[in-house]
Amino acid sequence: MAAMASLVVGSLVWVEDPDIAWIDGEVVEVNGEDIKVLFTSGKTVVVKASNVYPKDAEAPSCGVDDMTKLAYLHEPGVLQNLKSRYDMNEIYTYTGNILIAVNPFRKLPHLYDSHMMAQYKGAAFGELSPHPFAVADAAYRLMINEGISQSILVSGESGAGKTESTKLLMRYLAYMGGRAAAEGRTVEQQVLESNPVLEAFGNAKTVRNNNSSRFGKFVEIQFDRKGKISGAAIRTYLLERSRVCQVSDPERNYHCFYMLCAAPPEDIQRYKLGNPRTFHYLNQSNCYELDGIDDSKEYIATRRAMDVVGIGSAEQDAIFRVVAAILHLGNIEFAKGKEMDSSVPKDEKSWFHLKTAAELLMCDEKLLEDSLCKRVIVTRDETITKWLDPESAALSRDALAKIVYSRLFDWIVDKINSSIGQDPDSKFLIGVLDIYGFESFKTNSFEQFCINLTNEKLQQHFNQHVFKMEQEEYTKEEINWSYIEFVDNKDVLDLIEKKPGGIIALLDEACMFPRSTHETFAQKLYQTFKNHKRFSKPKLSRTDFTICHYAGDVTYQTELFLDKNKDYVVAEHQALLGASKCSFVSGLFPPLAEESSKSSKFSSIGSRFKQQLQALLETLSATEPHYIRCVKPNNLLKPSIFENKNSLQQLRCGGVMEAIRISCAGYPTRKPFDEFVDRFGLLAPDILDGSSDEVAACKKLLEKVGLQGFQIGKTKVFLRAGQMAELDTRRTEVLGRSASIIQRKIRSYLARRSFIVLHRSALQIQSVCRGQLARKVYEGLRREAASLRIQRDLRMHLARKAYKELYSSSISIQTGMRGMVARNELRFKRQTRAAIIIQSQCRKYLARLHYLKLKKAAIATQCAWRGRLARKELKKLKMAARETGALQAAKNKLEKQVEELTWRLQLEKRIRVDMEEAKTHENVKLQSALQDMQLQFKETKQLLAKEREAAKRAAEVVPVIQEVPVVDHAMLGKLTSENEKLKAMVSSLEKKIDETEKKFEETNKISEERLKQALEAESKIVQLKTVMHRLEEKISDMVSENQVLRQQTLLNSPVKKILEHPPIPVVPNLENGHHMDEGNKSNELQMLTPAKKVGTESDGKLRKSNLERQHENVDALINCVTKDIGFSHGKPTAAFTIYKCLLHWKSFEAERTNVFDRLIQMIGSAIENEENNGHMAYWLSNTSALLFLLQKSLKAAGSSGATPSRKPPPSTSLFGRMTMGFRSSPSSNNLAAAAALAVVRQVEAKYPALLFKQQLAAYVEKIYGIIRDNLKKELSSLLSLCIQAPRTSKGSVLRSGRSFGKDSPSTHWQSIIDSLNTLLSTLKENFVPPVLIQKIFTQTFSYINVQLFNSLLLRRECCTFSNGEYVKAGLAELELWCCQAKEEYAGSSWDELKHIRQAVGFLVIHQKYRISYDDITNDLCPILSVQQLYRICTLYWDDNYNTRSVSPDVISSMRILMTEDSNDAVSNSFLLDDNSSIPFSVDDLSNSLQEKDFLEVKPAEQLLENPAFQFLHE
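What counts as what
Here the residue index of a chain counts from 1 through its sequence in written order. The predicted origin of the model limits local features to residues at a pLDDT of at least 70 and limits the giving and counting of side-chain atom pairs to 80 or more, whereas totals for whole chains, interfaces and linings rest on all residues. The basis for the side-chain values is all heavy atoms of the structure; hydrogens and waters are excluded. By definition, two strands form a pair when at least two bridges between them are found by DSSP. Only DSSP runs of H or I covering at least 4 residues are called helices, and only runs of E covering at least 2 are called strands; the numbering of each starts at the N terminus. Only the stretch in contact is used when a helix axis is fitted, and all axes are lines through C-alpha atoms; the angle between N-to-C directions ranges over 0 to 180 degrees. Here a residue-residue contact requires only that any non-hydrogen atoms of the pair lie within 4.5 Å. When the centres of two rings from Phe, Tyr and Trp lie within 6.5 Å, Trp using its six-membered ring, the rings pair. Their planes under 30 degrees apart give stacked, over 60 give edge-to-face, and anything left gives tilted. Three labels apply to residues, based on accessible area from a 1.4 Å probe with only protein chains included: buried if under 20% of the type maximum, exposed if over 50%, partly exposed otherwise in between. Here, over-ring charges are defined by two tests on the NZ atom of lysine or the CZ atom of arginine: distance to the ring centre within 6 Å, and angle to the ring normal within 35 degrees. Only protein atoms enter the 1 Å grid used here, on which a cavity is any set of points holding a 1.4 Å probe that cannot leave and a pocket is any open set flanked by protein within 12 Å on both sides along at least five of seven lines; residues with an atom within 4 Å of a point are listed as lining. Grid points are joined across faces, edges and corners, and a volume is the space filled by probe spheres set on the points. Think of it this way: Lys and Arg go in the positive column, Asp and Glu in the negative one, and His and the chain ends go nowhere. Here a salt bridge means any side-chain nitrogen of Lys or Arg lying within 4 Å of a carboxyl oxygen belonging to Asp or Glu. Patch membership requires more than 30% relative accessible area and the absence of a salt bridge. Residues of like charge join within 9 Å; the nonpolar side chains Val, Leu, Ile, Met, Phe, Trp and Tyr join within 5 Å. Residue burial considers only the protein chains on display, and all accessible areas are found by Shrake-Rupley using a 1.4 Å probe. One atom stands in for each charge, and that atom is NZ of Lys, CZ of Arg, CG of Asp or CD of Glu.

Q: Break down the sheet that holds strand β1 (residues 12-17) for me, with residues and values.
A: Strands sit in the order β4-β3-β2-β1-β5 across an open sheet of 5 strands; the sheet is antiparallel. This sheet does not close on itself; its edge strands, each paired only once, are β4 (44-48) and β5 (52-54). Neighbour-to-neighbour, the strand axes of this sheet turn through a mean angle of 45 degrees, independent of strand direction. One ladder, built from 6 bridges, connects β1 with strand β2 (residues 21-31); its direction is antiparallel. Residue pairing in the sheet places W14 in a bridge with D24 of β2. Docked against the sheet, helix α1 (residues 75-87) engages β1, β2 and β5, running at close to 130 degrees with respect to β2.

Here's what the structure looks like:
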């Protein structure tokens, strides 16, 4: 224990204390070997220097997660580290690869949920906080990667949490090796559900634990080559039988007894049970119920677990029937019988329980009584029946109860194993050992002896493993090492199990002799081992013995050793239960292979247990071991209490102290180079100047301080025991000298500052006085100058005033004179202008009067002359009127001919349509009949083939047996007749098919001829129509000319009437009529030209079927849009082209179409390359745009809304379309042009269109998820590097200005920014809607928040001040990116980082101990939960300035709030979950776009050249 380093005043040390194990203090005086220590409690003691341990002053207050990182690896350091972590609810701690688990005695569900398992999946061991999941994952990874079977050994005393830790390990292994989809019960489910079954029958309440396992358990989980669980097996060790009959207060019997007493009423009535207080095996203790446990619910849960593990309902009833029978057996009491030393059931109650037990076991009541009260002794000559006295009968009853319960427990274990099944092809396994820890009570019997033997064997295995790991560490670091001696407990094992001469061998020997007693056995032990150093005899006892175990001395009482070592079944009990009518009970007691003449057959429990233990160790030796040491912090089983002495004893018993001792025998102190330089670089600062090699710096530093025996590894410095304390002593001296220098400098600085203040004050007083005198002189000079200026200004004012008065007078006089002259001149100009106007009006009147006279004379002359000309023209018109009647008659005749031709054409068309419909119906019927006949033909062929095969088989089989000609003539005739009928039917079908094909060809020819005739008639009708229109124009011209002539004749009236009314402009009317006539002709020519085109092109197009044309058009469309055809005005061309085509083809209104299927297949094949974000963004843009157009256009058939009334269908004939074109007005043309501008048109969609819309929405979500997940995958590797700042050496940074880290701190963050920028530019280039870009980056930032925040909470090295600054700088770059990307694309991405922002903000705050809990929750971190804040506060440590975390009051407040919500798994979970759902809907997408954005979009140019897609030009 001695601290080899010299201690100085001020050193912190640990001193052993009888009450609390170890207490810390400070050295106040050193007197040679005696030192005076001042404890933190205020007490001062004097101790020897060899009895103290150094204390690390720089150890973090919250402890370290791996105790190999402790500067001083000794008992007080380990104990203090565990206590510090336990106070902060950190119940798991590593010691190398050993996990120490301290029982919290409270539920911590947030530590064990599925999200936590996902965090540890694949994480390197030690990367995250210590946890059983990390041990299980390390074992699983080693098994998969190296192909080596693994084992996990869980040990600890009763109540330390072994069973719970084992459950967690099995849960994680089932999580890793479970099969996602399996029918029925899976192996992992059965393995997990075996725990509650075994707990019900093998666990009980003890003084130390409410759910203590009274047996050892080794679970072998087998895996296949893919790492999936393929089988399992459970082995049990040393069930405590005596508990069935003997229970001490305040313990309980096995749980199953109390569960059965709390079963439903029908079960209680069936088994004739009642209150547990009425049964002898249960009422020996006053404890019947457990706090927080409902036995009735546990009974139902156990039944359900039995179902899962494969125990049927009938077997369950049999099991609980046996359990109830054991309870009834315990209530049978015995009294003296009539004969000497005989016994009988005591009273009616005993008889009732005897009868009930016999009924439940289904055996004879009388035989049961005889087996309890009598013994049959078989000799050579005769068989003797011996009566048992009441006491022996009670022992026989208890023996029967114990053997029945033991066999029942073994049957359950075997049933579970057979139900789960083992995989014979399995190459790997992971074994989980849950076994009792070292036990030492006031009374230690045979069970404690076996338990401690187990722990001795396991401790030997543990020591060898620790030694091996220690040597592997030295070999990995490539350091020189010599053999390390460690305490081997082989002598203890030889003392117990050596043959011959060991304690177990002597015990078996004593059990073989009937007259042996525990006294004779004890005397034999004293004689055999009187000189053994590990064996001793207590002074005050004659039958006890003491063994010096590795964990301490244990004294055993031998009173019950012989009885408990005998594993035999009484012959009467064997015969009774073997003859039971219940197959289950008789199956528990199969007949023995060899019947013995003795009353019982001896078997040693000790020897059998030793063999089991040897087999277990052989299994463990063949695997790679992992260790979990469970510690019970207090015996009160209450949370938040850590008893030092109790915990220290358990650490010793668990071998942790032995592992530390082995480590101390070599190089206990191991520091990474950077930490060593940071801590001890000040001992030799000149070595660090300009040096960038940490290894060389460490070596020079150690050589300079004069240490010997150290080793320099590849990554660490290895120091011998005591060398760390010596370095710390020197470091303390250097720091003390540095403190003196700092104090001196501070004092000189304060004195100089005082002098400077006084000097500055004197100067200020002098300057103030001089300033006052100067101000007085200046004031006098200022007054004199002011008076001179006043005089000057007054004189100037008076002179200026006189000048202004004179000036204004002269101006007034000049103004009056000039105004009078101007008025006179204006009056003269007005008079002159008036005279001129009067003269001009007079001259104009005279000229106008002369003009009117001349005009009147000219008009009279013109009227007379025009009347004469009109009379001549009237004569000519009367002659032309006679010729017009003949033209009218010809016109009427032509109209009749046109109507007759039109009627004939319509009749021909109707006949043709009817013929086509009849032809199609007949074709459909014939095709369906043909298909039916073909199916019948195939079936008959198959029947014939089967009959021939059957005949062949019959022909092959018959000769083997015997050739017996058996012919069924009736059946043969029937088959031949059916064959003939089928052949006739086939031939008739073939004839019908030929006839239908001929008819089809004839009808095709007829239809083609009629089609030609119809086309010719249609062309004739067009020609006749044109002729008719020309005649109508001529007639209308003639009619209009007649009207004009008639009007002109009427105008021959007197000249006075013509002069009274203005003349009628006849010539403009004629001109307008001419222009209108030309317009009509041009319209006529325009309409006739396309008609001719249609007529010429229809011959080729109509011959082609519509289906072929549709397929060709769809193929052309898909071939075009499959390529990257780019964008038009910021919108995807492919989506717009697809929409226009579907709209024109009326695919949305079709009941059946394959266009949508083709498009969906095309999109699916186009996005197969999921890694190309550019390709994905292109299709996301197209699919989202097409989805928007469909959302705006489609409406379900029959949906409510303002739907326009349907117009009557237009005429389908060419003549009808031509007549509509002739009659179209300019207003209808304008409406058509306006409709062409509307891109989106609502249509009533049928089911295929609506399904296509849903599939398209699914593809939008899928492509969105692919792009988002690609970005997450790209960022995941970078985020693990961004959460922790690169390690740097303080010495090198301070002196040389260079760090040992190679990577710049901002490199990883810049990589994240580059990834974000790359994706953003890709999405912009492909014109992805901004709402989708927002959602992608919002979810990505949420993922960044989750990953960074969870890593911060799971890794203590990340929860530091410097790391907070590093992450904060990275977050600032992300904020800058959000600002540059603008809200249009970044959206609320920055708000998604709220958790990590607040957590990092808390890490970088100075003086945290001054902050209250309200300040944290209201101002600093309002979004974080109490569990998250508690985790951050307890993990925080300052690696730069060694500042403290929050105050203990804040920690206690958080702990109280956490305790109130401890049962809520959701509120207790401090980790965040990543949301991978789709955060937008189709409505969100449609609201973000507008229809007008697609007005200027142009369709694909490749399709515009195709004649079938001319509609895209519209």
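Q: Lay out the packing of aromatic side chains in plain terms, naming residues and giving numbers.
A: Counted by the stated rule, this structure contains 40 aromatic pairs. Here the aromatic rings of F545 and Y556 are separated by 5.4 Å at their centres, their planes lie at 35 degrees, and the arrangement is tilted. Residue F545 is found in strand β19 (residues 544-549), and its partner Y556 is found in strand β20 (residues 552-557); the two are separated by 11 residues along the sequence. You can call F545 buried: its relative accessible area is 0%. Between Y1139 and F1148, the ring centres sit 6.2 Å apart and the planes meet at 35 degrees, which makes this aromatic pair tilted. The exposure class assigned to F1148 is buried, which follows from its relative accessible area of 2%. Here a set of aromatic residues connected by ring pairs shows up, and it is made of F446, F449, F521, F529, F535, F545, Y556 and F561. The cationic tip of K55 hangs over the ring face of W14; the distance from NZ or CZ to the ring centre is 5.2 Å.

Q: Account for the pairing of strand β24 (residues 716-719), with residues named and values stated.
A: Pairing between strand β22 (residues 669-672) and β24: 4 bridges, direction antiparallel. Paired with P672 across the strands is K716, a residue of β24. Here strand β23 (residues 711-712) runs beside β24; their pairing, made up of 2 bridges, is antiparallel. If you follow I712 over to β24, its bridge partner there is V717.

Q: So, empty space enclosed by the protein: which residues are in play, and what are the values?
A: Inspection of the entire model under this criterion finds 13 cavities of 30 Å³ or more. For the largest cavity, the calculated volume is near 190 Å³. In terms of lining residues, the largest cavity is bounded by 18 residues, among which S155, G156, N455, C653 and G654 are the most central. For the lining of the largest cavity, the secondary structure elements donating two or more residues are β8 (150-155), α13 (446-477), β21 (624-631) and α21 (644-653). Computed from the structure, the second largest cavity encloses a volume of approximately 100 Å³. Looking at the second largest cavity, the residues that line it are M88, N89, E90, L108, H110, L111, Q1427, Y1430, R1431, T1434, M1458 and F1470. No other element matches helix α43 (residues 1426-1435), which puts 4 residues into the lining of the second largest cavity.

Q: Tell me what's going on with the side chain of E572, and back it up with residues and numbers.
A: Tracing the backbone shows E572 in helix α18 (residues 571-578). Buried and unpaired, E572 has no salt bridge, with R375 as the nearest side chain of opposite charge at 4.2 Å. When residues no more than four places from it in sequence are discounted, the contact partners of E572 are S371, K374, R375 and V376.

Q: Lay out a positive patch on the surface in plain terms, naming residues and giving numbers.
A: Together, R868, R871, K872, K875 and K876 make up a positively charged patch on the protein surface. Position of R868 among the secondary structure elements: in helix α26 (residues 723-961). Using a relative accessible area of 45% as the deciding quantity, one classes R868 as partly exposed.

Q: Can you break down unusual backbone geometry residue by residue, with the values?
A: Here D249 and P250 are connected by a cis peptide whose omega angle stands at 5 degrees. Mapped onto the elements, P250 comes out in the loop between β12 (229-237) and α6 (255-261). Of the consecutive residues K499 and P500, the connecting peptide bond is found in the cis state with omega at -20 degrees. You can see P500 is positioned in the loop between α14 (490-497) and α15 (503-512). Even without a glycine there, the phi angle at N89 is positive, about 65 degrees. For N89, the position within the fold is in the loop between α1 and β6 (92-95). In this structure, K1382 is a non-glycine residue whose phi angle is positive, near 70 degrees.

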